[in-house]
Amino acid sequence: STVTAAMPTPDDRARQWLTLIDDGNFVQSWNEAAPAFKKSHSAAAWTSQATALRAPLGAVVSRDLKSVDLSRSRGAQVRYDTSFAHKSGTAETVTLAFGNGAWAVSGYSIK
């Protein structure tokens, strides 16, 4: 399979993973992440980091796709304009790696 034909699309896969984060399912989000993500964060460290990052923001009010960048070698970067209950105007970036015929999250940030 090729990167361009992969299903779900990078946006779909990023949204599926973000739903886990939105619901506080941090361990499951770690389990579904790419090997590179797991190497840089233990499940416990990711849970702690994600809780500290997301809890103060509150629930997601809206998340709109801003861009999908497929220029990386076997990877993608998906950006969203996201508003949370306690903070609007944030930018979420989900980096994905393509391997074993599927996309998996290799990085996540909020600014």
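Residues numbered from 1 in each chain as written. Predicted model: local features only at pLDDT ≥ 70, side-chain atom pairs only at ≥ 80, totals over all residues. Heavy atoms only, no water.

Draft legend 1. Representation of a positive patch on the surface within the structure. A cluster of like positive charges, contributed by Lys66, Arg72, Arg79 and Lys111, occupies part of the molecular surface. Relative to the assigned elements, Lys66 resides in strand E1 (residues 60–69). For Lys66, a relative accessible area of 55% puts it in the exposed group. (Patch = residues over 30% accessible without salt bridge, like charges linked within 9 Å, V, L, I, M, F, W, Y side chains within 5 Å. Areas by Shrake-Rupley, 256 points an atom, 1.4 Å probe, with all protein chains shown as cover. Salt bridge = Lys/Arg side-chain N within 4 Å of Asp/Glu carboxyl O. Lys, Arg positive; Asp, Glu negative; His and termini not counted. Charge placed at Lys NZ, Arg CZ, Asp CG, Glu CD. Helix = DSSP H or I, 4+ residues; strand = E, 2+ residues; numbered from the N terminus. Buried < 20%, exposed > 50% of the residue type's maximum accessible area, 1.4 Å probe, protein only.)

Draft legend 2. The arrangement of helix H1 (residues 10–22) in detail. Between its terminal C-alpha atoms H1 stretches 18 Å, which fits the 18 Å expected from 13 residues at 1.5 Å a residue. Inspection of H1 places Pro10, Asp11, Arg13, Ala14, Trp17, Leu18, Leu20 and Ile21 among the buried residues, and these make up the whole buried set. Downstream of H1 by one or two residues, Gly24 has phi in the positive range, about 75 degrees. (Expected span 1.5 Å × (residues − 1).)

Draft legend 3. Representation of unusual backbone geometry. Positive phi, normally seen in glycine, also occurs at Arg74, with a value near 55 degrees. With respect to the helices and strands, the residue Arg74 is situated in the loop between E1 and strand E2 (75–84). The backbone phi angle of Asn100 is positive, close to 55 degrees, even though this residue is not glycine. Summarising the element assignment, Asn100 is placed in the loop between strand E3 (87–99) and strand E4 (102–110).

Draft legend 4. Structural detail: the side chain of Thr95. Note on placement: Thr95 falls in strand E3. For Thr95, the residues in contact, after removing those within four places along its chain, are Arg72, Ala76, Gln77, Ala104, Val105, Ser106 and Gly107. (Contact = heavy atoms within 4.5 Å.)

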